[in-house]
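Structural characterization, general
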Amino acid sequence: MARSALTTTAATFTATAALLLTACGGGGDDTSSDDIKGAGTGSPSASASALNAPDANRPDVRLPEDLELVFDFEKPSDVDAAAALDDAANYIRALNHGITEQNAKDPAYRFYSAAGATRYAESQIKEYVDGGWTLTGEDRYYQAETSPVGEAEKAKTILVTFCEDQSKAYGKEVKTGKVHRTEESLASYQKFSILMASQQDSPVWRAQQITVEGKAAECRG
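Predicted, not measured: the structure shown is a model, and the values here were computed from it.

Thresholds, definitions, all that
- Residues numbered from 1 in each chain as written.
- Predicted model: local features only at pLDDT ≥ 70, side-chain atom pairs only at ≥ 80, totals over all residues.
- Heavy atoms only, no water.
- Phe/Tyr/Trp six-rings, centres within 6.5 Å; stacked < 30°, edge-to-face > 60°.
- Buried < 20%, exposed > 50% of the residue type's maximum accessible area, 1.4 Å probe, protein only.
- pLDDT = per-residue confidence, 0-100.
- Helix = DSSP H or I, 4+ residues; strand = E, 2+ residues; numbered from the N terminus.
- Contact = heavy atoms within 4.5 Å.
- Salt bridge = Lys/Arg side-chain N within 4 Å of Asp/Glu carboxyl O.
- Pairing = 2+ DSSP bridges.

Let us look at the packing of aromatic side chains. Under the defined criterion, the tally for this structure stands at seven aromatic pairs. Between Phe111 and Tyr112, the ring centres sit 4.8 Å apart and the planes meet at 80°, which makes this aromatic pair edge-to-face. What makes Phe111 buried here is its relative accessible area of 19%. For Tyr112, a relative accessible area of 0% translates into the label buried.

Below, the structure written as structure tokens:
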């Protein structure tokens, strides 16, 4: 059972970044992206494994043993890009945490998101809860890229994109535990684009807007 997708143009990210930066006294830079649609432990990025565990400041995003999220990301050399990528992964973990906890108001995704990304996570989790579904299997994320969008006196924004392979992730009925297995197809692949932002006095990057392209042929193969 795949998560639903939304359709948004690249202009949305540029406009959102501009608003975020203007609010802090700066202006946004243009960025380009294909028309994408909005939003699954093996080879995590270097610091993602540490961030996956709760600490004094970050919420618990650990998942049940029967659901494994694989983040096959290469760590960027840029410190901000690496931090934004790590917390984009944590946003995805938090979204799945809400699904497995069956809690559409789960504080984990709210910690790692704001604005449209918060609304997206809540709607996805609610869809699973209302349908009596959770997730099991392996969900893989890969081909990550980061692109600076803009910087103001008090805020920075970075666009994070990556692919998802859901072919080994399955829907599971909460009441019965029955797993509904599906065959691999083009529908198993999605491409994410997440606008991440951070106040310069905070180490946390939060997802602001998210789009996900369903049936992403470029992610297959």
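What follows deals with the confidence of the model for the protein chain. In the predicted model, the protein chain carries a mean pLDDT of 81, and 74% of its residues have values of at least 70. Mean pLDDT values over the elements of the protein chain span from 41, in helix α2 (residues 48–51), up to 98, in strand β1 (residues 67–72). Counted against residues more than four places away or in other chains, residues 5–56, with its pLDDT under 50, gives 131 contacts.

Glancing now at the pattern of salt bridges. Opposite charge on two side chains lets them pair, provided their charged atoms get close. Tallied over the entire structure, the rule returns 10 salt bridges. Residues Arg58 and Asp87 are paired through a salt bridge, measuring 2.8 Å at the closest nitrogen-oxygen approach. Pair noted here: Arg58 is in the loop between α2 and β1 and Asp87 is in helix α3 (residues 79–101), with a separation of 29 residues, a long-range link. For the pair Arg58 and Asp87, a shared accessibility class is recorded, and that class is buried. Asp72 serves as the salt-bridge partner of Arg140, at 3.4 Å between the closest nitrogen and oxygen. A residue pair is termed long-range when its members are at least 10 positions apart, and Arg140 in strand β2 (residues 133–151) and Asp72 in strand β1 qualify at 68 residues.

What follows covers the environment of Gln190. With respect to the helices, strands and loops of the structure, Gln190 is situated in strand β5 (residues 189–199). For the pair formed by Gln190 and Glu218, sequence separation is 28 residues and the distance between their alpha carbons is 9.0 Å.

Here we take up unusual backbone geometry. Located in the positive-phi region is Ala115, a residue other than glycine, with phi close to 50°. Mapped onto the secondary structure, Ala115 falls in helix α5 (residues 115–131). We classify Ala115 as partly exposed; its relative accessible area is 38%. Notably, Gln143 is not glycine yet its phi reads approximately 55°, a positive angle. Mapped onto the secondary structure, Gln143 falls in strand β2. Take Gln143: its relative accessible area is 47%, and that puts it in the partly exposed class.

A few words on the pairing of β5. In terms of burial, β5 is largely enclosed, as 10 of its 11 residues are buried. The pairing of strand β3 (residues 155–173) with β5 spans 11 bridges and is antiparallel. Opposite Glu164, over in β5, you have Gln190 as the bridge partner. Between β5 and strand β6 (residues 206–214), which pair antiparallel in sequence order, lie six residues.

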